[in-house]
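Inside the fold
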Amino acid sequence: MTQGSQAAPRAARGNDGDPFRGQVVALTCAGRDPAAVALCQALARVFGEKGARIAVVGVEDPRLRAAVDEVRDLGSEGLLVPGDVADPEVQAAMLAEVEGRWGRLDVVVLGVGDPGDVRALCRVPTARWRATYDRHIHPLGLVRRAAPLMRRSGRGTFVVLVEDAAPPHRQLVHPYPYRTALTAGQAFRLEFARLAAAELAESGLAVLAVNPGAAQGVRGEQAVHPLVSVERGLWGRTIRPEDVKVRRSQGHPAGRYPTPHEIARAIVALTAPDVRLAASGGLVEFGGGRDYRGTPRIAPARLAASPPDLRGRRVLLTGTAAPERLRSLLLGLADAGARVVLGASYARGVVSSLAGPLASLRDGGAVGPAVLPVDLDLRDEAAVRGLFERVLAEPGLGGLDAFVHATGELGVDAPLTGLSEREVLSLKEQFAFVPALVARYACVAVLVEAARREGIADPRFLELSSLVSLLERERGTLGSNGTLERRPGDWATEDEPLLQRAAREARCALVFVGPDTPRSDAASLRRLDVVRAHLQALVSSLAAEVGAVRGRVPTNLVFPGREYEPGDPDHAVRAVLHLLSDAAREVSGMVWYADARNAVAV
């Protein structure tokens, strides 16, 4: 599984004053993206030149094996552990090998990885979306596993590399469509780096985030830009690949982008003993400041004096939130006249507890139930698919006008750098996997209803399961010259006009409700910021996708809460109702903080 040199190298026997001589550095490479591999190679070379011993972990790739060989040629020691960096067993194997061979660990550089599927969320198979997301948030597990070994020396440095997609305010200024797993995962990485810096400071460990930006001579986006162009074209928005990448190519004030070697030398300098603590907790950017200085689009939600009229609206409410949150949202929707399907693991219990209030609100002339509870596990894709199929077929509903998902509270008091595997999985399920899964099927359900309304005769567009299968098809393989090469079974060009017709007729409001945002103490707020940034990136990226199809699918995010205490649930309900109303049908991609300052009546 591993390879390396057992002999004591020339570089390790002497000491010329270089602080890295004899230190142990671990480098992760989460994929085969050319830019990520090139930077990993450059880091191995620069650390190796300084006499450090290098462990590289990443998917089996001859370029990584060559990087380890080069370290050994420089006179230092090198070790390669092939495997998926998101796999806990691979992480444990690398650390066990490092400890057994060298007995210490001084620096860990956590690589960015590849972007995964460059496609709209509704077209990405769930398993692939999860795998991509896991690779991007692998620091969550590796930092926890590596910290005990690094604490032995009383010092150590984690460098978390982040992409341009990461800063939350950048996501609001210029979100990335068709890369939701990457944008959500990278935003999580950035805020996790800041949180980990605070949690590990007492142990003498430093954690810093670095945005390496684009690298000269490495076309890491050579596949991404044409694929983005192809994806836009699929939905009826033609754009040339060279136009997609013009923003990146014009961005650096120095007139050129740094080389991977220059970026690597700068990263190595940041990990030096006299620099690392000063940089801990910060974000260092080598991207020339591109796209980071815009004003965040945080919506000042001044709401009307009375709730909007939602009579006749068909709303699907799902959530992993506490029953109290779902009860308040359900009651608010029913009070506004909406017909609601509630999908949650305890849906019947929530509706049963509101039997009296709901009965008093029900319009006696309404057709079908005003509220339909459906008990299901939202982590189960088959159950989620069945829920949306039922919504499309239910008498008195027959479709979807609005979709609301409530994530619930963070529920973690322990440091994130010390969570168990079970707690990490629960965190990902609640704030990443489930929101992405239900959002995906909501988008497909809206397309199905639009296809039916448009009179499209092709049966593949008229049922949810068949449309999911159709959307998951590849559009083709990108050739070396940037052209698309179609294969048997790929998406057919004659299907594109039908998809575009459905997309243009899409009508639905999507609203996500995140956890409360009280500022009770600094530690709790930092933990919450990790989840908040992640949800913001996911929703803004999705909003950019659905906004590009020319339909009417406004997508927004609500954070309940006040400055210093738990939020009044009525404020969140009022914000959600407003975002589902006609008054907000042109509002999309916004983050709404529903608190006492902006959720009151005018």
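Our subject is the structure listed above.
We now turn to the structure provided with this report. Worth saying up front: this structure is predicted, and the values here are computed from it rather than measured.

A closer look at the overall build of the protein
When helices and strands are tallied, the protein shows 22 helices and 18 strands. For the protein, buried positions account for 58% of its 602 residues. The contacts of the protein with a sequence gap of at least 6 include a subset with a gap of at least 24, amounting to 79%. Of the accessible surface of the protein, which amounts to about 22800 Å², a share of 51% is contributed by carbon and sulfur atoms.

Focus: the pattern of salt bridges
A full pass over the atoms with the stated rule returns 39 salt bridges. For the salt bridge of R128 with D117, the shortest nitrogen-to-oxygen distance reads 2.3 Å. Highlighted residues: R128 in helix α5 (residues 126–136) and D117 in the loop between β5 (107–110) and α5, separated in sequence by 11 residues. When its relative accessible area of 17% is taken as the criterion, D117 is described as buried. A salt bridge links E496 to R475; the shortest N-O distance between them is 2.3 Å. Here R475 lies in the loop between α19 (464–471) and β14 (477–478) and E496 lies in helix α20 (residues 496–504), a separation of 21 residues in the sequence. Of the two residues examined, E496 and R475, each falls in the buried class. Salt bridges linked by common partners bring D117, R119, R128 and E474 together as one network.

Re the packing of helix α2 (residues 34–49) against helix α12 (residues 260–270)
To describe two helices that pack against each other, one gives the angle between their axes and the distance between the axes. For the pair α2 and α12, interaxial distance at closest approach is 8 Å and the crossing angle is 55°. On the basis of the axis angle, α2 is oblique to α12. At the point where α2 passes α12, the crossing takes the right-handed sense. Between α2 and α12, the residues in contact are A38, L39, A42, L43, R45, V46, F47 and E49 and P260, H261, I263, A264, R265, I267 and V268, respectively. A class-by-class count of the residues in the contact of α2 with α12 yields 11 nonpolar, one polar and three charged.

Looking at the packing of helix α17 (residues 381–393) against helix α18 (residues 421–454)
The geometry of α17 relative to α18 is characterised by a closest axis approach of 10 Å and an angle of 30° between their N-to-C directions. Considering the angle they form, α17 stands roughly parallel to α18. Crossing handedness for the pair α17 and α18: right-handed. Only L437, V438, R440, Y441, A442, A445, V448, E449 and R452 of α18 make contact with α17, whose side of the interface consists of E381, V384, R385, F388 and L392. In terms of residue class, the contact of α17 with α18 is built from nine nonpolar, no polar and five charged.

Some details on the packing of aromatic side chains
Within this structure, the stated rule accounts for eight aromatic pairs. A centroid spacing of 6.4 Å and a plane angle of 20° characterise the contact between F188 and F192, whose relative ring orientation is stacked. One end of the pair is F188 and the other is F192, both in helix α8 (residues 180–200) and four residues apart, which spans about a single turn. Exposure remark for F188: the relative accessible area of 5% places this residue in the buried category. On the accessibility criterion, F192 (2% relative accessible area) is buried.

Some words on the environment of T320
Turning to its location among the elements, T320 is positioned in the loop between β10 (314–319) and α14 (323–335). Separated by 87 residues in sequence, T320 and T407 place their C-alpha atoms 5.3 Å apart. Every residue in contact with T320, bar those within four places of it in the chain, is listed here: Y346, L378, H405, A406, T407, Q430 and V434. One polar contact links the side chain of T320 to the main-chain carbonyl oxygen of T407, over a distance of 2.8 Å.

Here's the deal with unusual backbone geometry
One non-glycine residue, Y178, lies in positive phi territory at about 65°. Summarising the element assignment, Y178 is placed in the loop between α7 (168–173) and α8. A residue is classified by how much of its surface remains accessible, and Y178, at 1% relative accessible area, is buried. Of note in the backbone geometry, R550 takes a positive phi value of approximately 75° without being a glycine. Within the fold, R550 resides in the loop between α21 (522–547) and β17 (555–560).

Comments concerning the nonpolar core
Core analysis: the biggest nonpolar cluster contains 119 residues, and L105, F158, W235 and F388 have the highest contact counts within it. A per-element tally of this core places α18 first, with 20 residues. If you look at the next biggest cluster of nonpolar residues, it comprises 37 residues, including F20, C40, L80 and A272.

Procedures and definitions
Residues numbered from 1 in each chain as written. Predicted model: local features only at pLDDT ≥ 70, side-chain atom pairs only at ≥ 80, totals over all residues. Heavy atoms only, no water. Helix = DSSP H or I, 4+ residues; strand = E, 2+ residues; numbered from the N terminus. Buried < 20%, exposed > 50% of the residue type's maximum accessible area, 1.4 Å probe, protein only. Contact = heavy atoms within 4.5 Å. Areas by Shrake-Rupley, 256 points an atom, 1.4 Å probe, with all protein chains shown as cover. Salt bridge = Lys/Arg side-chain N within 4 Å of Asp/Glu carboxyl O. Axes fitted to C-alpha atoms, helices over the stretch in contact; angles between N-to-C directions. Parallel < 35°, antiparallel > 145°, perpendicular 65-115°, else oblique. Left-handed = near helix turned anticlockwise from the far one by under 90°. Nonpolar A, V, L, I, M, F, W, Y, C, P; charged D, E, K, R; others polar. Phe/Tyr/Trp six-rings, centres within 6.5 Å; stacked < 30°, edge-to-face > 60°. Polar contact = N/O pair within 3.5 Å; in protein donor to acceptor, adjacent residues only side chain to side chain. Core = buried A, V, L, I, M, F, W, Y, C linked by side-chain atoms within 4.5 Å.

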